[in-house]
Amino acid sequence: EISECLVGSEMCIRDRLKALFFFVLSICSLHTAAQRIKGSDTVLPVSQETAEIFMNTHPEQRVTVTGGGTGVGISALMDHTTDIAMASRPIKFSEKMKLKAAGQEVKEVIIAYDALAIIVHPDNPVSRLTRQQLEGIFRGKIVNWKQVGGPDMKIIVYSRETSSGTYEFFKESVLKNKNYMSGSLSMPATGAVIQSVSQTKGAIGYVGLAYLSDRVKPIAVSYDEGKHYVLPTMENGTKRQYPVVRPLYYYYNVSDKAKVSPFIEYVLSPAGQNIIKKGGYIPVK
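Notes on the structure in this doc start here. (Residues numbered from 1 in each chain as written. Predicted model: local features only at pLDDT ≥ 70, side-chain atom pairs only at ≥ 80, totals over all residues. Heavy atoms only, no water.)

## Remarks on the overall build of the protein chain
What counts is decided by this rule: Secondary structure is summarised from DSSP: a helix means a run of H or I of at least four residues, a strand means a run of E of at least two, and numbering begins at the N terminus for each. Per-residue accessibility, obtained with a 1.4 Å probe over protein chains only, is compared with the maximum for each type, and a residue is labelled buried under 20%, exposed over 50%, and partly exposed between these values. By the convention used here, residues are in contact when the closest approach between their heavy atoms is within 4.5 Å. Per-residue accessibility takes into account occlusion by the displayed protein chains alone, with areas from the Shrake-Rupley method and a 1.4 Å probe.
A tally of helices and strands in the protein chain yields 11 helices and 11 strands. A burial count over the protein chain gives 47% of its 285 residues as buried. For the protein chain, the share of sequence-separated contacts (at least 6 apart) that also reach a separation of at least 24 residues comes to 72%. Of the roughly 14200 Å² that the protein chain leaves accessible, carbon and sulfur atoms contribute 54%.

Here it is as structure tokens:
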């Protein structure tokens, strides 16, 4: 068609080339599947790494991963601004009702498990706490480290913001659904908890096992009133000996199953689960 334009006007050639360009662009878009993943900061690092390797082995796929917290991810799923919501807690009843009212049916997939580590400053001599002591600290009943066998030093409590699934899980598992103290300092992301605790001698906080580093010290926890204390490690989490372990989820709309299945199937495959284990998370199998 372009050769026919050679005997015609220059405008004819430009129009033909423009049409050809958009035709090729449309064909490329049909063969490139773009997926958006958003939500839990706990699930964020391993999802980013898995997505990168997945795209290297599946060049026809494109995956973007962003954090913001579990609540943000589920809200984005409702708004159709994400295809997969990452979550470190189960979807709430109120969220289910909103989805149902909007005519959306959501599928839940457990992609890994995570041990929630209680952390303090490395110079803090306290190395173990019972669940009851943790409840007292995070509810403001225990305010000085000397009350739990430590030095005479004020306890500074760092928590996650209320939209975080980690915040919800800690409240359920450790506080037994009692309220946090009003003076706790809410952090917008797990990295901020690590940084704050590492810089504050009297601090205490909680993070996913994969985020542990030498900048903070993990605490051994007892859920049987001090009879047995267990450190948050991959081995203890896998054997379910560490008491604060939770599932990590992907949620997606059933109508998007064909679109999201290739990536989710890869995450659950032996290769994907190996990435999860290397990242400091506990595999599903």
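## What about the layout of surface pockets?
The criterion, for reference: Both cavities and pockets are sets of points on a 1 Å grid over the protein atoms alone; in a cavity a 1.4 Å probe fits but cannot get out, in a pocket the set is open with protein on both sides within 12 Å along at least five of seven lines, and lining residues sit with an atom within 4 Å of a point. Grid points are joined across faces, edges and corners, and a volume is the space filled by probe spheres set on the points. Under the scheme applied here, ten amino acids are nonpolar (Ala, Val, Leu, Ile, Met, Phe, Trp, Tyr, Cys and Pro), four are charged (Asp, Glu, Lys and Arg), and all others, including Gly, are polar.
The calculated volume of the largest pocket comes to roughly 170 Å³. Mapped onto the lining of the largest pocket, the elements with two or more residues apiece are helix 7 (165-173) and strand 11 (245-253). At 4 residues, helix 7 tops the list of elements feeding residues into the lining of the largest pocket. Partitioning the lining of the largest pocket into residue classes produces 5 nonpolar, 3 polar and 5 charged.

## Observations regarding the packing of helix 10 (residues 257-268) against helix 11 (residues 270-278)
The following threshold applies: Convention adopted: a line fitted to C-alpha atoms gives each axis, helices being fitted over their contacting stretch, and angles between N-to-C directions are expressed from 0 to 180 degrees.
Where helix 10 meets helix 11, the axes come as close as 4 Å, and the angle between the chain directions of the two elements is 65 degrees. Contacts between helix 10 and helix 11 involve Tyr-266, Val-267 and Leu-268 from the former and Pro-270, Ala-271, Gly-272, Gln-273, Ile-275 and Ile-276 from the latter. Along the lines of polarity and charge, the residues of the contact of helix 10 with helix 11 split into 7 nonpolar, 2 polar and no charged.

## Some details on the side chain of Gln-104
We count it as follows: Whenever two N or O atoms come within 3.5 Å, that pair is a polar contact, provided that in protein one can donate a hydrogen and the other can accept it, and provided that, for residues adjacent in sequence, both atoms are side-chain atoms.
Along the chain, Gln-104 falls in the loop between helix 5 (93-101) and strand 4 (106-120). At 3.2 Å, the side chain of Gln-104 forms a polar contact with the side chain of Asn-253. For Gln-104, the contacting residues outside a window of four places in its chain are Leu-77, Met-78, His-80, Leu-99 and Asn-253.

## A word on the environment of Thr-130
Within the secondary structure, Thr-130 sits in strand 5 (residues 128-130). With 99 residues separating them in the primary sequence, Thr-130 and Tyr-229 have C-alpha atoms 7.8 Å apart. With residues up to four places along the chain from it excluded, the contact list for Thr-130 reads Ser-222, Glu-225, Gly-226 and Tyr-229.

## Digging into the nonpolar core
Definition in use: Think of a nonpolar core as a cluster: buried Ala, Val, Leu, Ile, Met, Phe, Trp, Tyr and Cys residues, connected wherever their side-chain atoms sit within 4.5 Å.
Ile-118, Leu-129, Ile-137, Phe-138, Trp-145, Phe-170 and Ile-204 are the most contacted members of the largest nonpolar core, which has 31 residues in total. Within the residue set of this core, elements represented by two or more residues are strand 4, helix 6 (131-138), helix 7 and strand 8 (203-208). If you tally residues by element for this core, the top one is strand 4, at 5 residues. Counting 24 residues, the second largest nonpolar core, distinct from the first, contains Ala-51, Phe-54, Ile-111 and Tyr-281.

## A closer look at the pairing of strand 6 (residues 156-160)
Residues in a regular strand point their side chains to alternate faces of the sheet. Put simply, the test is: Pairing between two strands requires that DSSP report at least two bridges joining them. Place the viewer so that the strands point away; then a crossover is right-handed whenever the path from the first strand over the helix to the second strand goes clockwise.
Across the 5 residues of strand 6, 4 count as buried, placing the element largely inside the fold. Sheet analysis places strand 6 next to strand 8, joined by 2 bridges and oriented parallel. Bridge pairing in strand 8 places Ile-156 opposite Ala-203. Here strand 6 runs beside strand 7 (residues 185-187); their pairing, made up of 3 bridges, is parallel. Residue pairing for strand 7: Arg-160 is matched across the bridge by Met-187. With helix 7 bridging strand 6 and its parallel neighbour strand 7, the resulting β-α-β unit is right-handed.

## Here's the deal with unusual backbone geometry
Positive phi, close to 60 degrees, is recorded for His-80, a residue that is not glycine. The class for His-80 is partly exposed, based on a relative accessible area of 46%.

## Structural notes on the packing of aromatic side chains
What counts here: To pair, rings of Phe, Tyr and Trp, with the six-membered ring standing in for Trp, must have centres within 6.5 Å; the planes then decide the type, stacked if under 30 degrees apart, edge-to-face if over 60, and tilted in the middle. In this analysis the charged atom, NZ for Lys or CZ for Arg, is taken to sit over a ring once it is within 6 Å of the ring centre and within 35 degrees of the ring normal.
Within the structure shown, the criterion is met by 9 aromatic pairs. Relative to Tyr-206, the ring of Phe-170 has its centre 4.1 Å away and its plane inclined at 10 degrees; by these criteria the two rings are stacked. Pair noted here: Phe-170 is in helix 7 and Tyr-206 is in strand 8, with a separation of 36 residues, a long-range link. Aromatic ring contacts, followed pair by pair, group Phe-138, Tyr-167, Phe-170, Tyr-180 and Tyr-206 into a single cluster. Geometry around Tyr-113 places Arg-240 over its ring, the cationic atom sitting 4.5 Å from the centre.

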